[in-house]
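Structural characterization, general
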Amino acid sequence: MDITVEERSESTGGTPSSSPKTGGRERVKELIEAIDGIGSYGGYRKTHRKECLSLVRRLKLLIPLLDEIGELHRDGAPGDAPGSSLVDLERALVSARELLKQCSCGSKIYLALENEAVMSRFHAVYDKLNRALDEFPYDKLGISDEVKEQVELMRMQLKRVKRRTDTLDIELAMDLMVILSQKDDGDDDRSADNAIIERLASKLELCSIRDLRAETLAVRKLMVKRKGHSAENVQQIVWLLRKLKQIVGSGDCDDTASAGYPHKALQKCQSLQVPHEFRCPISLEIMTDPVIVASGQTYERESITRWLDSDHRTCPKTGQVLEHLSLAPNYALRNLILQWCDKNGIDLPNKEEAARPPSPHNGSGSQELVDRISILVHDLSSPLSDSVREAVVKLRVLSKENPENRMLIANGGAIPRLVRLLSATDRNIQEHAVTALLNLSLNESNKRMIVREGAIPPMIRILREGTEEARENTAAALFSISILDENKVLIGASNGIPPLVELLKKGTPRGKKDAATAIFNLSLHQANKGRAVAAGVVGPLIELAEDKGSGMVDEALSILRLLASHPDGRDQIGRLPVIKTLVEIVREGTAKNKECAAAVLLELGMDSSAALLAALQFGVYEHLVELTRRGTSRAQRKATSLLKHMSKCEHIP
């Protein structure tokens, strides 16, 4: 497991401020103050908010115990008895404080990627608290029965704490896996993948410029603390942060990387104390082309243009609604920046006006675009097939370019006409129409409008009968609109899962990946898990898991893990041939493959000792032991849990 700086401080065995010789009353006072301080934390990251609030509530249950100790030993008698008894409790509070601090101020992306490691730290804190309370000398210290009963209640709660399996965690894990596999594959231009990033932005609460600024600073702190350790993990965080900025509209600029600046100049610039007013409030980078918006605030032209192009009409810094969208160059500030750079030997890139793409907020381009879209939408109803085909192709291209275009196209009345074209006799028109709807579905309100116009049944027909590209893009579109929970129900009830399973069996590599992503997302709804199993999804998933060249081993195993939580899924996945395959992956797969296979086995083993015994018969034991020593941090945790469950079974080798 990756160890943070805070965790390293815990491992030294030190306590906050008191030594073991500190007087009991003083130590009690410090512990109460520590709990009060912990309670003042706020803004817990969404991924662990429930666990944080639960831990804080449990810690506050300790205050009556500490108050009573302080009252009973106000004069220090008998001796310093409480002081030595509270050392273990104090150490547990140190661990809790550092963990809650990270969940309050740390990188949201890091906490999501390392979700299981963070959850392990919560359980470690619970174990420390339980041990401290188990060994506490209640009778010796004269603790009342009432307080002892309250402490006993807390101990029972701690012992009942079990592994969390919230849907949100599973969704996050799958979304992150899909996006990071895209990074590894170099496939960086898929509308469906943009939909996943929008979904991650919502789940991680990174939807505003202010959120992204805070996350950027948190990532910078993480990079400093890591000092080169776990470089691959940090690179994933930086890459994902940049993708989130692009989706939200804050641009590619990122003070965690050198994008946009000559490498040496950037390093020198970062080593200097750049005046705060020289940095763009959006990108946090030194501005090269500062402009003033209607609120009077100054931004880098490229960053604020992206913000406005994302259909925002407020000032990012003040939240004030902008009376107009004109951008006025801030020549005075630019001259000050140039003078400062010249004095410090920094060369800023020369961004010529001609190199800038035209923005609809700087002229009459916006109205021209609206007029153009209006004509294209009208042509969608033309009696001439060629005119329809030309219009739908152009709308497909426009809808892919940026969020503003998607809003303009939807507001122009295109969605009902595009939905009607899903039933066109020309399969080429069908293909372009469904792809345009895929692009439009990246907007949250468009998802609802597309479904409201009756798109699901014709999409499912295209999934069965359309061209290869149409089927792939339909699967991606179904994934996108199924982000809304009510649409998961509709798609499943409309018999949309069987053709997705068929695409998973016989599609192209891209089609299989689109189908797998849609199936996973739909299966987050409990009834759809049974539908997926009934449609025969387990067989092709096992085939993908066995095929190392498919590039989808981890995705297949993740879906199997999800389906294993359903009785029908457990019945099929718990069969001997499947368990044998999982054991073989644990033995011979990549590090990530082993991690995912162990997770499936653990999901099965939580409800079936027969599955664990079968895995033991196939020789998994020694490979799990090896995994606890040399696997990924998550694989080590899964293997350790499996071995604990297996130790309760009979016939262990």
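The following paragraphs examine the structure supplied in this document. Here the structure is a predicted model, which means the values were calculated and not measured. (Residues numbered from 1 in each chain as written. Predicted model: local features only at pLDDT ≥ 70, side-chain atom pairs only at ≥ 80, totals over all residues. Heavy atoms only, no water.)

What about the overall build of the protein chain?
Looking only at helices and strands, one finds 37 helices and 3 strands in the protein chain. The 653 residues of the protein chain split such that 53% are buried. For the protein chain, the share of sequence-separated contacts (at least 6 apart) that also reach a separation of at least 24 residues comes to 72%. (Helix = DSSP H or I, 4+ residues; strand = E, 2+ residues; numbered from the N terminus. Buried < 20%, exposed > 50% of the residue type's maximum accessible area, 1.4 Å probe, protein only. Contact = heavy atoms within 4.5 Å.)

Considerations on helix H20 (residues 403-411)
For the α-helix, the turn length of 3.6 residues means that residues three or four positions removed from each other point alike. Buried residues of H20: Glu404, Asn405, Arg406, Met407, Ile409 and Ala410, and no others. At the C-terminal side of H20, Gly413 shows a positive phi close to 85°.

Quick notes on the packing of helix H22 (residues 427-440) against helix H25 (residues 468-481)
At a closest axis distance of 9 Å, the pairing of H22 and H25 adopts a crossing angle of 25°. As the angle between them shows, H22 and H25 are arranged roughly parallel. With respect to the hand of their crossing, H22 and H25 are arranged in left-handed fashion. Of the residues in H25, those touching H22 at Glu431, Val434, Thr435 and Leu438 are Glu469, Ala470, Asn473, Thr474, Ala476, Ala477 and Ser480. Of the residues that constitute the contact of H22 with H25, the class distribution is 5 nonpolar, 4 polar and 2 charged. (Axes fitted to C-alpha atoms, helices over the stretch in contact; angles between N-to-C directions. Parallel < 35°, antiparallel > 145°, perpendicular 65-115°, else oblique. Left-handed = near helix turned anticlockwise from the far one by under 90°. Nonpolar A, V, L, I, M, F, W, Y, C, P; charged D, E, K, R; others polar.)

Concerning the environment of Ala436
Mapped onto the elements, Ala436 comes out in helix H22. Sequence separation of Ala436 and Ala414 is 22 residues, and the distance between their C-alpha atoms is 9.8 Å. Once you skip the residues sitting within four places of it in the chain, Ala436 turns out to touch Arg396, Ser399 and Leu418.

Structural notes on the sheet that holds strand S3 (residues 328-329)
Strand order across the open sheet formed by 3 strands is S2-S1-S3, with antiparallel pairing between neighbours. Strands at the two margins of the open sheet, each flanked by one partner only, are strand S2 (298-300) and S3. Strand contacts of helix H16 (residues 301-309): strand S1 (290-292), S2 and S3, with the helix running at about 95° to S2, the strand carrying the most contacts. (Pairing = 2+ DSSP bridges.)

What about the pattern of salt bridges?
For the coordinates displayed, the defined rule picks out 17 salt bridges. Here Arg389 ties to Asp426 by a salt bridge, and the two come within 2.5 Å at their closest N and O atoms. Of this pair, Arg389 sits in helix H19 (residues 385-401) while Asp426 sits in the loop between helix H21 (414-421) and H22, and the two are 37 residues apart along the sequence. For Arg389, a relative accessible area of 23% puts it in the partly exposed group. Across the salt bridge formed by Arg570 and Asp607, the nearest N and O atoms sit 3.9 Å from each other. Placement of the pair is Arg570 in helix H32 (residues 567-573) and Asp607 in the loop between helix H34 (591-605) and helix H35 (609-617), with a sequence separation of 37 residues. The exposure class assigned to Arg570 is partly exposed, which follows from its relative accessible area of 24%. (Salt bridge = Lys/Arg side-chain N within 4 Å of Asp/Glu carboxyl O.)

Some thoughts on helix H37 (residues 633-647)
When the terminal C-alpha atoms of H37 are compared, their 21 Å separation across 15 residues agrees well with the 21 Å that a helix rising 1.5 Å per residue should span. Ser633, Arg634, Ala635, Arg637, Lys638, Ala639, Leu642, Leu643 and Met646 are the residues of H37 that are buried. Residues of H37 that are buried in the fold lie against helix H8 (115-134), helix H31 (553-563), H34, H35 and helix H36 (620-630). (Expected span 1.5 Å × (residues − 1).)

Observations regarding the packing of aromatic side chains
Inspection of every chain in the model, using the stated rule, returns 2 aromatic pairs. An angle of 75° between the planes, with centres 6.0 Å apart, marks the rings of Phe278 and Trp340 as edge-to-face. Here Phe278, found in the loop between helix H15 (263-271) and S1, pairs with Trp340, found in helix H17 (residues 331-343); they are 62 residues apart in sequence, far enough to count as distant. Phe278 gets classed as buried once you look at its relative accessible area, which sits at 6%. (Phe/Tyr/Trp six-rings, centres within 6.5 Å; stacked < 30°, edge-to-face > 60°.)

Re the state of the cysteines
Throughout the structure, instances matching the rule amount to 0 disulfides. Not engaged in a disulfide, the cysteine Cys105 finds its nearest cysteine sulfur in Cys103; these two sulfurs lie 9.9 Å apart. (Disulfide = S-S within 2.5 Å.)

Notes on the packing of H8 against H37
Packing of H8 against H37 brings their axes to within 9 Å, and their N-to-C directions diverge by 55°. Looking at the two axes, H8 sits oblique to H37. Relative to H37, the crossing made by H8 is left-handed. Taking contact as the criterion, the partners of Glu116, Ala117 and Ser120 in H8 are, on H37, Arg634, Arg637 and Lys638. Here the contact of H8 with H37 is built from residues that sort into 1 nonpolar, 1 polar and 4 charged.

Focus: the side chain of Glu431
You can see Glu431 is positioned in helix H22. For the buried Glu431, no salt bridge is present, and the opposite-charge side chain at shortest range is Arg396, 4.2 Å distant. Setting aside its immediate chain neighbours within four residues, Glu431 contacts Arg396, Thr467, Glu469 and Ala470. (Lys, Arg positive; Asp, Glu negative; His and termini not counted.)

Thoughts on the nonpolar core
Grouped together as the largest cluster of nonpolar side chains are 164 residues, with contacts concentrated most on Leu59, Leu129, Leu418, Met459 and Leu557. The leading source of residues in this core is H8, at 8 residues. Leave out the neighbours within four places in its chain, and Leu129 touches Leu55, Leu59, Leu62, Leu89, Ala92, Met154 and Leu158. In terms of nonpolar packing, the next biggest core, distinct from the first, is built from 20 residues, Val274, Tyr299, Leu308 and Leu322 among them. (Core = buried A, V, L, I, M, F, W, Y, C linked by side-chain atoms within 4.5 Å.)

Some details on unusual backbone geometry
Positive phi outside glycine occurs at Glu205, with the angle close to 55°. With respect to the element layout, Glu205 can be found in the loop between helix H12 (191-203) and helix H13 (209-226). We classify Glu205 as partly exposed; its relative accessible area is 28%.

A few points about the environment of Leu440
Along the polypeptide, Leu440 turns up in helix H22. Taking relative accessible area as the criterion, Leu440 reaches 0% and is therefore assigned buried. Residues Leu440 and Leu398 lie 42 residues apart in sequence; the distance between their C-alpha atoms is 9.9 Å. Those residues in contact with Leu440 that sit more than four places away from it in its chain are Ser399, Arg406, Ile409, Ile415, Leu418 and Asn446.

Any functional reading would require information that these geometric values do not contain.
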